[in-house]
Amino acid sequence: MTPFHFTQGTLPLLVSIPHAGTQLTPEVDAGLSDAARGLPDTDWHIPLLYDFVRDLGASVLIGHYSRFVIDLNRPPDNQPLYTTATTGLYPETLFDGSPTFAPDKTPTAEQRQGYLDHIWHPYHQQIQQELARLKAQHGYALLFDAHSIASVIPRLFDGQLPDLNIGTNDGGSCTPAVTAAIQAVCEAQDDYSWVINGRFKGGYITRAYGQPQQGVQAVQLELAQINYMDETPPFAWQQERAAQLQQVLKPLLQAYLQQGKPV
């Protein structure tokens, strides 16, 4: 399978969806633990939730492979993004701390180098190429990295996660005007709790490509999955909840587009 699906749009916006993939390599498929077999840490249904961005005119990039093969939102040198509990480029544990692989079933270093070469690098090359194209065409480029996670994971954070978790690398990946516009959208609604640069400040994609001084801005949104799906297997899509959430996601992205243009 190709490592990603890409659709080119007309706006200066690229929506990246790195963690919705479920494809496995043969060795990962053979080695997963029973706890990992159902791919519990997947960003389920995110392409469907954000399908409206195609009508807006955004470019969309969706990773095909599961993060249990290789995590597209981690640095290639596998340096940790957080000082608190996290998972790496090749996740050895699930979010809840359970082992990803059965004993002695972890892919080899050579196999994992292949994942880096043939899955991770092509995805990031596509990001780089599209951001360069958008900047050349529009004079600037906007990257939106779309994620979701279960609302309660004691190993990663205390209590229940806010509904909307906006990450801007502590303000380093976008301008203050963009942050203010997104915050205004969050403040204008009462249905969802939100935080900016809380537990999730943006992963590698946000941190690597968000360079506002160079005309490229990046924002990550980590959604609590309870707001659009069932958080237990089979992780069913919930249309009514999803439609309500989209009523906030749409103005949030529109605010990003409006304020992301250089003055």
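Residues numbered from 1 in each chain as written. Predicted model: local features only at pLDDT ≥ 70, side-chain atom pairs only at ≥ 80, totals over all residues. Heavy atoms only, no water.

A.B. asks: Sorry if this is basic, but what is going on with helix H4 (residues 109–138) here?
C.D. replies: For H4, with 30 residues, the first-to-last C-alpha span of 42 Å sits near the 44 Å given by 1.5 Å per residue. Maximum bend of H4: about 35 degrees, positioned at histidine 121, with proline proline 122 one to four residues after it. Glycine 139 sits one or two positions beyond H4 and adopts a positive phi of about 90 degrees. (Helix = DSSP H or I, 4+ residues; strand = E, 2+ residues; numbered from the N terminus. Expected span 1.5 Å × (residues − 1). Bend = angle between axes of the 7 residues up to and from the residue.)

A.B. asks: Mind showing me how you'd approach the packing of aromatic side chains here?
C.D. replies: Centre distance and the angle of the planes are the two values used to describe a pair of aromatic rings. Per the counting criterion, the structure on display carries 8 aromatic pairs. Ring centres 6.3 Å apart and planes at 75 degrees place the aromatic pair phenylalanine 157 and phenylalanine 200 in the edge-to-face group. Here phenylalanine 157, found in the loop between strand S4 (141–149) and strand S5 (164–167), pairs with phenylalanine 200, found in the loop between strand S6 (194–196) and helix H6 (204–209); they are 43 residues apart in sequence, far enough to count as distant. The pair phenylalanine 157 / phenylalanine 200 is uniform in exposure class, with both members buried. Here the aromatic cluster, defined as three or more aromatic residues joined through ring pairs, consists of Tyr50, Phe52, Phe144 and Tyr256. (Phe/Tyr/Trp six-rings, centres within 6.5 Å; stacked < 30°, edge-to-face > 60°. Buried < 20%, exposed > 50% of the residue type's maximum accessible area, 1.4 Å probe, protein only.)

A.B. asks: I would appreciate a short explanation of the pattern of salt bridges in the present structure.
C.D. replies: Side-chain pairing between opposite charges can occur once the charged atoms of the two side chains come close. The full count for this structure, using the stated rule, is 9 salt bridges. For aspartate 230, the salt bridge identified is with arginine 241, shortest N-O distance 3.1 Å. With aspartate 230 in the loop between strand S7 (216–224) and helix H7 (239–260) and arginine 241 in helix H7, this pair connects stretches of sequence that are 11 residues apart. (Salt bridge = Lys/Arg side-chain N within 4 Å of Asp/Glu carboxyl O.)

A.B. asks: Before we go on, may I ask you to explain the side chain of aspartate 43 in this structure?
C.D. replies: Along the chain, aspartate 43 turns up in the loop between helix H1 (26–31) and helix H2 (46–49). Among the residues examined, aspartate 43 registers a relative accessible area of 1% and is labelled buried. Side-chain polar atoms of aspartate 43 contact the side chain of histidine 147, separated by 3.4 Å. Once you skip the residues sitting within four places of it in the chain, aspartate 43 turns out to touch His19, Ala20, Arg67, Ala146, His147, Ser148, Gln225 and Tyr228. (Polar contact = N/O pair within 3.5 Å; in protein donor to acceptor, adjacent residues only side chain to side chain. Contact = heavy atoms within 4.5 Å.)

A.B. asks: How should the state of the cysteines be read in this particular structure?
C.D. replies: Disulfides are covalent bonds that connect the sulfur atoms of two cysteines. Per the stated rule, a full pass over the model turns up 0 disulfides. With no disulfide of its own, cysteine 174 has cysteine 186 as its nearest cysteine by sulfur position, at a separation of 12 Å. Residue classification places cysteine 174 among the buried residues on the basis of a relative accessible area of 2%. Accessibility expressed as a relative area gives 0% for cysteine 186, which makes it buried. (Disulfide = S-S within 2.5 Å.)

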